Amino acid sequence: LTKYFHILNVLSLKTNLLVEGALTAQKDNNPVVYVMCTRGLMEHAGSFSYLSQKLEKAKIHLEKQKTSKKIRLKISQILKDLDKSYYGSSFFGSENSTPIPVHTSDLMRSLKKDMASAERHYDFLCEFVHPNYGSNLFVSEGEFGEGRAKVDTPRNRDVFKGAASG
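All of the points below concern the structure found in this document. (Residues numbered from 1 in each chain as written. Predicted model: local features only at pLDDT ≥ 70, side-chain atom pairs only at ≥ 80, totals over all residues. Heavy atoms only, no water.)

**Considering the environment of histidine 6**
Stage number 1. Along the chain, the position of histidine 6 falls in helix α1 (residues 2–27).
Stage number 2. Residues histidine 6 and tyrosine 86, spaced 80 residues apart in sequence, show a C-alpha to C-alpha distance of 9.4 Å. (Helix = DSSP H or I, 4+ residues; strand = E, 2+ residues; numbered from the N terminus.)

Here's what the structure looks like:
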């Protein structure tokens, strides 16, 4: 239980930092950072959903168990899920058996169960974070090869308003 509350506290603190970052980016008219923070918020909301759903399923499973062996096995599995959510990394510590992280797609599937439009909103935000057409709209106007590249454009402001309203 201590691990669960710890990870909730960590997620909450990171969520607060992402909100602060998004608000600062909005105030500074920085749509790229705003969208990155908003996408991060969705990923953290997905993590909350993922963990909550895992624990709810575990609770239902535990209520049906008749032997202490099966109960211990399920509790062990819950602890592994929490470790994976906290320690999971594809960058840090692969040489010392760090768990593979929960994939963002799994987090978004979990969030979609709590918020039907989550996947659509997440895909929209990804379009503006990746180096492709969506994020190019933030810093350019006119036709490809003939337009202007600059941060503050009328189209930029329109796209930013659309991203902010989701």
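Resuming the write-up.
**Here's the deal with the side chain of threonine 38**
Stage number 1. Tracing the chain through its elements places threonine 38 in helix α2 (residues 31–64).
Stage number 2. With residues near it in sequence (within four places) discarded, threonine 38 still touches Ala22 and Leu125. (Contact = heavy atoms within 4.5 Å.)

**Brief notes about the nonpolar core**
Stage number 1. Formed by 27 residues in total, the largest nonpolar core has its most connected members in Val35, Met42, Leu51, Leu82 and Met108.
Stage number 2. The set of elements that each furnish at least two residues to this core consists of α1, α2, α3 (68–87), α4 (104–114) and α5 (118–129).
Stage number 3. Not counting chain neighbours up to four residues away, the residues in contact with methionine 108 comprise Met42, Glu43, Gly46 and Tyr122. (Core = buried A, V, L, I, M, F, W, Y, C linked by side-chain atoms within 4.5 Å. Buried < 20%, exposed > 50% of the residue type's maximum accessible area, 1.4 Å probe, protein only.)

**Concerning the pattern of salt bridges**
Stage number 1. A complete count under the given rule lists 6 salt bridges for this structure.
Stage number 2. Between lysine 3 and aspartate 83 there is a salt bridge, with the nearest N and O atoms lying 2.9 Å from each other. With lysine 3 in helix α1 and aspartate 83 in helix α3, this residue pair connects regions lying 80 residues apart in the sequence.
Stage number 3. Residue classification places aspartate 83 among the partly exposed residues on the basis of a relative accessible area of 22%.
Stage number 4. For aspartate 106, the salt bridge identified is with arginine 109, shortest N-O distance 2.3 Å. In this pair, aspartate 106 and arginine 109 both sit in helix α4, 3 residues apart, roughly one turn of the helix. (Salt bridge = Lys/Arg side-chain N within 4 Å of Asp/Glu carboxyl O.)

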